[in-house]
Each structure stands twice: as C-alpha cells, then as structure tokens.
Amino acid sequence: MFNSLDISTSGLIAQRTRLEVTSANLANRYSITDAQGNYSPFRRRMAILSTGDPSTGSSEGVHVRTIEQDQSDFRKVYEPGHRFADKDGNVNYPNIDPAMEMINALDASRAYEANITATEATKAMIQSSLRLLA
Amino acid sequence: MIQGMFDSGALPALERLAQFTESRHRVLTNNIANLSNPYFKARDLDVKSFQAALTQAIEDRRGGGGRTNGPLHVRDTAQLFFRTDGITAHADEIHENVLFHDQNNIDLERNMQRLAENTMTHNAAIELIRNQFSLIQMAIRERP
C-alpha cells in the first residue's frame, strides 16, 4: 500500500544527493589544493543514478550508484607569479563551469519538487481510501 | 462482561496497532530531533515483525473455530514487549544510509516518509476504533 511512497522517497534522496554534489562543485570552484595542502585541483563530481532502490530491496525507484569524477581538462589560468604555476605560467583550476552547475541545481530542485508533488498525491489517495474504510 | 465487550471483534487488534504506531511515532520524532547530532544513528521499529506477531495472535484466537472474540495474546518480538497496558519498545539502530561526515546516518526524506505512513496508519486505527465504539454505544442506547 505504501509502495509508491517508497518510490517517491528514493527519488527525493537521489535528487537531494545530486544537489549536494552540485553544491560541492560550486563551492570548490577555486580549490586547487587537497586537504593536506598538496597541489591537486578539485575534479568536478557527477552523481550517477541507476534504477532500483537497494535500501528497500525493490527494483522500482532510483538510487545514486556512484559519484564519479569528471576527467575533462582543467581550466588553465595564466598566473605566472603563482607558486603552483607550470613552466608556461599557467595554473590549473577545477574543471567546473558555474552555468552548468546552476542548471543542474535547478534541474535537481525541480525534480525534487516533482517527487514531493507525487508524494502528496499518493498521500491524498491513501487517505481517501482510508476514509472509505473508516 | 464489560471486558468481553472490549475484547470482541477487531478492537483488541486495533488497540495494539494504535499502541504500536504511537511507539513508532516516538522513535521517528526522536530521529528528527537528532538530525544534526553527530554520531547519532537513526532508529526504527520493525513493522513486519509487529504485523507477523499480530497476525499470529489473531490466528491463535481463531483457534481453527473461527472465533472472533476473546482477548488477544500477542507474543513479544525482538523489539516489542506487549503488556496489558501498552507496548514497551526497544528500537534498533538502522544501517541503511551512507554516513555523513559527522557519522550521522539519517535520511531525512526516508524518515519523513515513515512518519507520514505511521501517522496515516495511526489515524486509520483510531478512526476504526471510534467506529467500533459508536457501534457499542448504539447497542447500549438501542437506537442509532
């Protein structure tokens, strides 16, 4: 009876994770060193979604299978005086395009809203069938 | 005679259901209260084992003769201890989600879904109990 709620919830969790990944990308747009301070520009992260929901063991719904790193080239910025500049005076910055991230954020939040709407509809349906019973 | 009246039909099962949803509500709201508490692990009561215990109790009451009244004797499960005046529950930690950086594993969405399900079930149980009581009242007054 509560199965469609499980599906909508799996969608909510997946979209929230996507939004978290996007936020992390935007926040790390200028991170060129890792947590230990070594030169290692942040790579853009991507949430990979798959069908099925392992937390309920159902083949319906969706889940984040893995979070992968975008292997595209880093953004080169000419900063000859920078301590991490290469021999041409370029510094590698993360391969993150804020426009793309904003679109992904908007898409994820719209999808989240759609799942909320589906949840509300399911709840209204369950409640009206319970009214029929009681 | 009074006790027999309240032990008839679905009333004892509905009473147990309302007690269970009340206990589960306490566990789920506790999860929400500890949403940003580091090292907190979400807890839940197992609905399936409660339903299995209740089904077994109803089967036992029927006893092959199709009896529909008499007290229900629900057997304790790993988490639930059925007493005459209520249920004592010991919720277990659930390990379903990846840990966040603060070692807290609550999926807010999943928790809210469970809360909504639980509330709806509780309301249905209470509404059905109310119906049964109005039937008893009708019988006492001998008029609708």
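Given the structure is predicted, the values throughout are model-derived calculations rather than measurements.

Turning next to the pairing of strand β3 (residues 86-89) of chain B. Relative to β3 of chain B, strand β2 (residues 80-83) of chain B runs antiparallel, the two being bridged by four bridges. Among the inter-strand pairings, Arg-83 of chain B is bridged to a residue of β3 of chain B, identified as Gly-86 of chain B.

Here the focus is helix α4 (residues 108-141) of chain B. For α4 of chain B, with 34 residues, the first-to-last C-alpha span of 49 Å sits near the 50 Å given by 1.5 Å per residue. Where α4 of chain B is buried, its residues touch α1 (3-27) and α2 (98-133) of chain A together with α2 (11-33) and β1 (43-44) of chain B. Two residues or fewer past α4 of chain B, Glu-142 of chain B is found with a positive phi of approximately 60 degrees.

In the Ramachandran plot, Tyr-39 of chain B falls in the positive-phi region, its phi being about 70 degrees despite a non-glycine side chain. Structurally, Tyr-39 of chain B can be placed in the loop between α2 and β1.

Residue position: Gln-71 of chain A is located in the loop between β2 (58-69) and β3 (75-78). Considered as a pair, Gln-71 of chain A and Asn-95 of chain A are 24 residues apart in the sequence and their alpha carbons are 8.6 Å apart.

This part is about the nonpolar core. All names here are of chain B. One finds Phe-20, Leu-45, Phe-50, Leu-80, Phe-82 and Ile-87 to be the most contacted residues of the largest nonpolar core, which totals 13 residues. At the level of secondary structure, the elements contributing two or more residues to this core comprise α2, α3 (47-62), β2 and α4. When residues of this core are assigned to their parent elements, the largest contribution, four residues, is made by α2. With sequence-adjacent residues up to four places away left out, Ile-87 is seen in contact with Gln-19, Phe-20, Ser-23, Leu-80, Phe-81 and Phe-82.

A separate point is the packing of α1 of chain A against α4 of chain B. Interaxial distance between α1 of chain A and α4 of chain B falls to 9 Å at its minimum, and their mutual angle equals 155 degrees. As far as their axial angle goes, α4 of chain B and α1 of chain A are roughly antiparallel. Taken as a pair, α1 of chain A and α4 of chain B cross one another with a handedness that is right-handed. On α4 of chain B, the residues that touch Leu-5, Thr-9, Leu-12, Ile-13 and Arg-16 of chain A of α1 of chain A are Glu-109, Arg-110, Gln-113 and Glu-117 of chain B. A class-by-class count of the residues in the contact of α1 of chain A with α4 of chain B yields three nonpolar, two polar and four charged.

Parameters and conventions
Residues numbered from 1 in each chain as written. Chains lettered and ligands numbered in written order. Predicted model: local features only at pLDDT ≥ 70, side-chain atom pairs only at ≥ 80, totals over all residues. Pairing = 2+ DSSP bridges. Helix = DSSP H or I, 4+ residues; strand = E, 2+ residues; numbered from the N terminus. Expected span 1.5 Å × (residues − 1). Contact = placed C-beta atoms within 7 Å. Core = buried A, V, L, I, M, F, W, Y, C linked by C-beta atoms within 7 Å. Buried ≥ 20, exposed ≤ 12 C-beta atoms within 10 Å, placed from the backbone. Axes fitted to C-alpha atoms, helices over the stretch in contact; angles between N-to-C directions. Parallel < 35°, antiparallel > 145°, perpendicular 65-115°, else oblique. Left-handed = near helix turned anticlockwise from the far one by under 90°. Nonpolar A, V, L, I, M, F, W, Y, C, P; charged D, E, K, R; others polar.

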